[in-house]
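Structural overview for review
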Amino acid sequence: TRVCKRWDYERITWPETVVSQFDLVCDNEYWRSLSQSIYMFGVMVGSIGSGLLSDKFGRKRVTLIAAVGTMIFGVSVAFSTSMVIFTLLRWCVAVCSVSMFTCGYVYCMEIVGGNWGTYIGIGLEIPWSFAYMLIPVVSWIFPAWNQFTIAVSIPIMLMIKILSIPGMAPESPR
């Protein structure tokens, strides 16, 4: 066997990927799983932290801050210059995005309550399902990983706008 020293990337189908940009092969291959593990740690931190923060400061406020953070960090990931920065920013995206989802979900459940809670809870997942099905289309339109990251981060501005309009979304009743 020979030691892996370099890799030649085929860039016809995909112009640039995270693996090719940061050369995550050979001795750097561990970054792929490490980055994903750190991301999932961010999901855990955001899940726990957002509950505590939203109880103290309000669900709407925490949801809005998390949405702004998701958009800012999501766009910033596209401009990462190293794998360390990429991983740190993705951790921030994980914390903010799970906080936005968790607080938003609880916020809706508290506003609706009662028998309609089940229907609204299921209904909140339907847009997520459609968005998930659109990922291949978005990646076809934006084949470079950094363009794709920006494309999926920018639509959060709509949620930020809605939550920012006074009286449009009242604070949670609890």
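Our structure is the block above this text.
Figured I'd write up the structure that's included with this text. Note that the coordinates shown come from a computational prediction; the quantities given were computed from them, not determined experimentally.

Turning our attention to the overall build of the chain. Summing up its helical and strand segments, the chain has eight helices and zero strands in all. Listed by position from the N terminus, the elements making up the chain come as α-α-α-α-α-α-α-α. With respect to the three principal axes, the spread of C-alpha positions in the chain is 65 × 30 × 30 Å. For the chain, the residues scored as buried account for 33% of the 174 residues in total.

Here we take up the packing of aromatic side chains. Scanning the entire structure with this criterion turns up seven aromatic pairs. Taken together through their ring pairs, the aromatic side chains of F22, F86 and W145 make up a single cluster.

Our focus in this paragraph is the side chain of T149. Examined against the element boundaries, T149 turns out to sit in helix α7 (residues 145-153). Within polar-contact distance, the side chain of T149 engages the backbone oxygen of W145 at 2.8 Å. In this structure, T149 is in contact with G74, V77 and A78, ignoring residues within four places of it in sequence.

This paragraph deals with the layout of surface pockets. Approximately 1400 Å³ is the volume found for the largest pocket. Every residue lining the largest pocket is counted, 32 residues in all, and those nearest its centre are M100, W128, A131, V152 and I156. Those elements giving two or more residues to the lining of the largest pocket turn out to be α3 (59-77), α4 (83-112), α6 (125-141), α7 and α8 (156-164). Of all the elements, α4 adds the most residues to the lining of the largest pocket, at nine residues. Tallied by class, residues from the lining of the largest pocket come to 24 nonpolar, six polar and two charged.

Basis of the calculations
- Residues numbered from 1 in each chain as written.
- Predicted model: local features only at pLDDT ≥ 70, side-chain atom pairs only at ≥ 80, totals over all residues.
- Heavy atoms only, no water.
- Helix = DSSP H or I, 4+ residues; strand = E, 2+ residues; numbered from the N terminus.
- Buried < 20%, exposed > 50% of the residue type's maximum accessible area, 1.4 Å probe, protein only.
- Phe/Tyr/Trp six-rings, centres within 6.5 Å; stacked < 30°, edge-to-face > 60°.
- Polar contact = N/O pair within 3.5 Å; in protein donor to acceptor, adjacent residues only side chain to side chain.
- Contact = heavy atoms within 4.5 Å.
- 1 Å grid on protein atoms, 1.4 Å probe; cavity = no way out; pocket = protein on both sides within 12 Å on 5 of 7 lines; lining within 4 Å.
- Points joined across faces, edges and corners; volume = space filled by probe spheres on them.
- Nonpolar A, V, L, I, M, F, W, Y, C, P; charged D, E, K, R; others polar.

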